[in-house]
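Descriptive analysis of the structure
For reference, the chains in residue letters:
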Amino acid sequence: MGGKCPHRKVKKRRLSHKTARRTKFLVKGDDAVYDELKKPEEQRRPLPVDEDLPGMGQYYCLHCDRYFLNVSTRDEHFKTKRHKKRVKQMMGPAPHTQLDADLAAGMGMPDNGPKLMSM
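Now for a quick tour of the structure. Quick caveat: nothing in here was measured; it's all calculated off a predicted structure.

Okay, the overall build of the protein chain next. When helices and strands are tallied, the protein chain shows five helices and two strands. Element order for the protein chain, N to C, with α for helix and β for strand: α-α-β-β-α-α-α. Classification of the 119 residues of the protein chain by burial places 14% in the buried group. Across the protein chain, every contact between residues at least 6 apart in sequence was considered, and the portion connecting residues at least 24 apart equals 38%. When the accessible area of the protein chain is evaluated, it comes to approximately 11300 Å², of which 57% is carbon and sulfur surface.

Encoded structure:
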């Protein structure tokens, strides 16, 4: 009696699922990022200094919607497979929007057909 339970294995340190779920809702959607990328450089506003963000909010990847601590980590991120895949995805066709989803579900504007001329 006593001792370790035979079916219990040593727990490996893994990433917390709780933080992954929490950050999922903080990230901009694909359609919002796509719209930001399509704006010309003159319309994009400069990054404001924000003490709550990593690197005071100055080192930002627009494609991935991520902030970095310094320039070197941001430049390393630009070389990663995840970033390159995201850039390729954003340069392709426009992602689906909420309006597309509503129209597919039949919740969009009604289509009453062509108007008839009446006198």
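Looking now at helix α4 (residues 81-91). Burial in α4 covers these residues: His83, Arg86 and Met90. The buried residues of α4 occupy an angular sector of 60° when the element is viewed end-on, so they sit on one face. Set apart from the buried face of α4 by more than 90 degrees, the exposed residues are Lys81, Lys84, Lys85, Lys88 and Met91. Buried residues along α4 sit against α2 (30-38), β1 (59-61) and α3 (71-78).

Within the structure shown, the criterion is met by zero disulfides. The structure places no disulfide on Cys61, whose sulfur is separated from the nearest cysteine sulfur, that of Cys64, by 3.8 Å. Using a relative accessible area of 1% as the deciding quantity, one classes Cys61 as buried.

Right, let's get into the pattern of salt bridges. Within this structure, the stated rule accounts for four salt bridges. A salt bridge links Asp30 to Arg86, with the shortest nitrogen-to-oxygen separation between them at 2.8 Å. In this pair, Asp30 is assigned in helix α2 and Arg86 in helix α4, connecting sequence segments 56 residues apart. The salt bridge partner of Arg74 is Asp75, with a shortest N-O separation of 3.9 Å. On the basis of relative accessible area, Asp75 is assigned to the partly exposed category, the value being 33%.

The next thing to look at is the environment of Leu62. Residue placement: Leu62 occurs in the loop between β1 and β2 (66-68). For the pair Leu62 and Val33, spaced 29 residues apart in sequence, the C-alpha to C-alpha distance is 7.2 Å. With residues up to four places along the chain from it excluded, the contact list for Leu62 reads Val33, Glu36, Leu37 and Arg44.

Another point: the packing of aromatic side chains. Considering all chains together, one arrives at one aromatic pair under this definition. Seen in terms of ring centroids, Tyr60 and Tyr67 are 4.6 Å apart; in terms of plane orientation they differ by 40°. Their pairing is tilted. In this structure Tyr60 comes out as buried when scored by relative accessible area, which is 14%. Given the relative accessible area of 29%, Tyr67 is considered partly exposed.

Another point: the side chain of Asp65. Tracing the backbone through its elements, the reader meets Asp65 in the loop between β1 and β2. Buried charged residue Asp65 carries no salt bridge. Nearest counter-charge: Lys28, at 4.4 Å. One polar contact links the side chain of Asp65 to the main-chain amide nitrogen of Lys28, over a distance of 2.9 Å. In this structure the side chain of Asp65 is engaged in a polar contact, spanning 2.5 Å, whose partner is the side chain of Tyr60. Aside from chain neighbours lying at most four places away, what touches Asp65 is Leu26, Val27, Lys28, Val33 and Tyr60.

Parameters at a glance
Residue positions are given per chain, counting from 1 as you read along its sequence in written order. In keeping with the predicted nature of the model, local features appear solely for residues at pLDDT of at least 70, side-chain atom pairs appear and are counted solely at 80 or more, and the whole-chain, interface and lining totals rest on all residues. Note that the side-chain values use all heavy atoms of the structure and ignore hydrogens as well as water. Helix and strand definitions here come from DSSP, where helices need a minimum of 4 consecutive H or I residues and strands a minimum of 2 consecutive E residues; each element is numbered from the N-terminal end. Type-normalised accessible area, obtained with a 1.4 Å probe on protein chains alone, sets the label of each residue: buried when under 20%, exposed when over 50%, and partly exposed for intermediate values. Contacts were defined at the residue level, with two residues in contact if any of their heavy atoms lie within 4.5 Å. Method for areas: the Shrake-Rupley scheme with a 1.4 Å probe, in which residue coverage is limited to the protein chains shown. The directions from the helix axis to the C-beta atoms form the arc being described. Our working definition of a disulfide is a cysteine sulfur pair at a distance within 2.5 Å. Within this document, salt bridges are pairs made up of a side-chain nitrogen of Lys or Arg and a carboxyl oxygen of Asp or Glu, the two lying within 4 Å of each other. Paired rings are identified among Phe, Tyr and Trp, the last through its six-membered ring, by centres lying within 6.5 Å, and are further divided according to the angle between planes into stacked (under 30 degrees), edge-to-face (over 60) and tilted (the rest). Residues scored as positive are Lys and Arg, those scored as negative are Asp and Glu, and His as well as the terminal groups of each chain are ignored. Counting of polar contacts relies on pairs of N or O atoms within 3.5 Å, with two restrictions inside protein: one atom must be capable of donating a hydrogen and the other of accepting it, and residues adjacent in sequence are counted only when both atoms are side-chain atoms.

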